[in-house]
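What the coordinates show
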Amino acid sequence: MNKLNYGYSLIEIILSISIASIIIVLFVGITFYLYRGFGKVESNSVKLKKIGQFLDIITFDSLNIDAYPRRPKDHYTFKENEIVFYSGGRRVNYSFVEDFNIKIESAYDLSSDVSNDIDKMKKSYTFNFIKDFYVKYYDRDGLLLLNEETSYYCELYFTFNDKTKKILKMRL
Amino acid sequence: MYKNGYSLLIVIFIIAFLSATLVSSFLLITQNLKPVNKTIRSNSEIEAYYSTLSDILKYFTEDIKDNFTSPYNGWFNELPEEKNDFNIKYSIEDIKIDINCINLQSLKDNKYITNEEIKKHLYYNEEIDPFIKEEYKNKYNEIFSVYLIPNLNLSDITKLKNYLETSIYDTPLQNDILNKIKSFRTDNEFLTYSGLLINEEKYINLKTILPRGREDELYIFFDFKGQININFVKEEVFEIAIKLCSPDKNIDYKKYFDIIKQKRENEVSIRDIKEIFGNDKRYYEKMFSVDSSLFFIEIIKNKRVLKTLIRKYKNFRGENKIYILKYFFNDFKDIEEKTE
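The following refers to the structure shown. (Residues numbered from 1 in each chain as written. Chains lettered and ligands numbered in written order. Predicted model: local features only at pLDDT ≥ 70, side-chain atom pairs only at ≥ 80, totals over all residues. Heavy atoms only, no water.)

**Some remarks on the overall build of chain A**
As a reminder, the rule being used: Numbering of helices and strands runs from the N terminus; a helix is a DSSP stretch of H or I covering at least four residues, while a strand is a stretch of E covering at least two. Only protein chains enter the calculation, and the probe is 1.4 Å; a residue is then buried if its accessible area is under 20% of its type maximum, exposed if over 50%, and partly exposed in between. By definition, residues are in contact when any of their heavy atoms lie within 4.5 Å.
Along the backbone of chain A there are one helix and nine strands. Ordered by position in the sequence, the α and β elements of chain A form the string α-β-β-β-β-β-β-β-β-β. Sorting the 172 residues of chain A into buried and exposed places 42% on the buried side. At a minimum sequence separation of 6, the contacts of chain A that also span at least 24 residues come to 48%.

**Focus on the overall build of chain B**
Definition in use: The Shrake-Rupley method, run with a 1.4 Å probe sphere, supplies the accessible areas, and residue values consider only the shown protein chains as cover.
When helices and strands are tallied, chain B shows 11 helices and nine strands. Among the 340 residues that make up chain B, the fraction classed as buried is 50%. Taking as baseline every contact in chain B between residues at least 6 positions apart, the subset at least 24 positions apart corresponds to 64%. Only carbon and sulfur atoms are counted for the fraction: they give 50% of the accessible area of chain B, which is about 17100 Å².

**Some thoughts on a nonpolar patch on the surface**
As a reminder of what qualifies: Residues enter a patch when their relative accessible area is above 30% and they make no salt bridge; the linking distance is 9 Å between like charges and 5 Å between nonpolar side chains (Val, Leu, Ile, Met, Phe, Trp, Tyr). Salt bridges are counted wherever a side-chain nitrogen of Lys or Arg sits within 4 Å of a carboxyl oxygen of Asp or Glu.
A grouping of A:Ile22, A:Leu26, A:Ile30 and B:Leu18 is seen on the molecular surface, where their side chains present a nonpolar patch of about 330 Å² in accessible area. Among the elements that take part in the nonpolar patch, helix α1 (residues 10-63) of chain A stands out by supplying three residues, more than any other. Following the sequence through the fold, B:Leu18 ends up in helix α1 (residues 2-61).

**Observations concerning helix α4 (residues 171-184) of chain B**
Our working definition: By this rule, a helix spans an expected 1.5 Å times one less than how many residues it contains.
Taking 1.5 Å as the rise per residue, α4(B) with 14 residues should run 20 Å; its terminal C-alpha atoms sit 20 Å apart, in good agreement. On its buried side, α4(B) packs onto α3 (157-165) and α5 (200-205) of chain B.

**A word on the interface of chain A and chain B**
Just so we agree on the cut-off: For this analysis, a polar contact is any N or O atom pair within 3.5 Å, provided that within protein one partner can donate a hydrogen and the other can accept it, and provided that sequence-adjacent residues contribute only side-chain to side-chain pairs. Throughout this entry, Asp, Glu, Lys and Arg are counted as charged residues, while Ala, Val, Leu, Ile, Met, Phe, Trp, Tyr, Cys and Pro are counted as nonpolar. The remaining residues, Gly among them, count as polar.
Counting residues at the interface gives 42 residues for chain A and 55 residues for chain B. There are three salt bridges connecting chain A and chain B. Across the salt bridge formed by B:Glu217 and A:Arg140, the nearest N and O atoms sit 3.0 Å from each other. The tally of links from chain A across to chain B stands at 11 residue pairs in polar contact (both at pLDDT 80 or more). Among the elements that line the side of chain A that touches chain B, the one with the most residues is α1(A), at 19 residues. Looking at the side of chain A that touches chain B, its residues break down into 20 nonpolar, 10 polar and 12 charged.

**Focus on the pattern of salt bridges**
All names here are of chain B. Summed over the entire model, instances satisfying the criterion amount to 17 salt bridges over all chains. For glutamate 217, the salt bridge identified is with arginine 214, shortest N-O distance 2.8 Å. Accessibility assignment for this pair places glutamate 217 and arginine 214 in one class, buried. One salt bridge connects lysine 243 with glutamate 239, and the closest N-O pair in it is separated by 2.8 Å. Of this pair, lysine 243 and glutamate 239 both sit in helix α7 (residues 235-245), separated by four residues, roughly a single helical turn. The exposure class of lysine 243 is buried, given its relative accessible area of 11%.

**Some words on the pairing of strand β2 (residues 86-92) of chain B**
Residue and element names in this part refer to chain B. Formally: Only when DSSP finds a minimum of two bridges between them are two strands counted as paired.
Burial along β2 is one-sided: Phe86, Ile88, Tyr90 and Ile92 are buried, while Asn87, Lys89 and Ser91, pointing the other way, are not. In this structure, strand β1 (residues 82-83) lies alongside β2, joined through two bridges in antiparallel fashion. Looking at β2, one finds that glutamate 82 is bridged to asparagine 87. Where β2 meets strand β7 (residues 294-301), six bridges bridge the pair, whose relative direction is antiparallel. Across the sheet, residue isoleucine 92 finds its bridge partner in β7, namely phenylalanine 295.

**Observations concerning unusual backbone geometry**
The linkage connecting A:Tyr68 with the following residue, A:Pro69, adopts the cis geometry, with an omega of -10°. Here A:Pro69 lies in the loop between α1 and β1 (77-78). The backbone of B:Asp85 shows a phi angle near 70°, a positive value even though the residue is not glycine. The residue B:Asp85 is located in the loop between β1 and β2 in this model. By relative accessible area, which is 67% here, B:Asp85 ends up exposed. For B:Asn302, which is not a glycine, the phi torsion comes out positive at approximately 45°. Checked against the element boundaries, B:Asn302 lands in the loop between β7 and β8 (304-314).

The structure is reproduced here in structure tokens:
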């Protein structure tokens, strides 16, 4: 009489199906776990990318300040949450707006390589990972200025959502 | 045997799946982290540029008395062309005409500038371009500059007012400085005046107006003697400069420039402008000098450049000092494209 199960015993079949089920469950589990992991990794890496862009912008702006010749004093705005200055020949505005956003009108153009082309329009960016932003102004002797006096340099304080801080000293 | 075959296939399939997952995950992360790495690398590089700059600046403050060893005429030793794996380039800026403060309308034969008067203060050399006649657009950068320190004996008073407005001084102080300069500038023909209307004594007197403790700014932001270094001046600049100061507007500038050319051919440095102008020196000492005090330093590596405009001066105690007027940090190719 021919064997219907082609030589596999019942126990073997049950064991095989069980192992196959475990493998499938593991397979699906790992896939799901990795999928979720990917999502996190992707969002974190996108956030890091944006932070990188943000750092690029503020670094470029602060390293190309139009310190000489300088614009007349009334072209600048020196406020606690807003600063207007000139970099790479263009007007730059950093301001802290509602909902923990920093709006940057920069001399730096992320869409192309860094350029100091004075004819290029300024670019506007909004970054929502900044929890707080304020500026401190100093005179030439390093004394903190409390009113609209002529500033020699300033310190830009950027506080990120995770409470880490980036402080940038910038000559004006 | 069949059973073993199936197990192997399953294992291979799982390994392949996991590998593909890990590789795609790795690619995704590296793709997004690439700009971040670039930023981090760039930030650490920036520190190296600045530390190299401070090493280079030491060469500018060394006091080499009466030792004309440098191609820039004395004042400092030979400058290094390489430092900390960076290539270093130097250029002199005070061999050009100050387009912001000198009124070129007084030139009888105004070859370079269009008839449109330049009323506004210019902040970048590139901004000069619209005011240059078409045939000289390719060389204006070698003739004019917006970065020069205004010479109080040459500057137009209206333009000087514009310059003071760009300073870090408050308006009352700007007015005090301007009024003091006006009080010294008694002769309307200041450009062709024989000698210096504002001499060293009057120039130093200006420091009494400046904020206490910041008197050195007089040496940084104002000048009264000739600035154009005659050892390096180009013929086009020399022609403009001499015609601005000469009482004879039809002066044959070539007569003087031939002497300069001859000295250059013989590799002899000019140590006194009297060697060129003789007794006519009194007309030209407000325009020409034999030293330089305004330099661009370029620190270059991997097609990135930190370009710095520096002013070299001696303070009231006679010490050599450096003041950094401006920084440019950019890709080298961008700057090359702009200057070509």
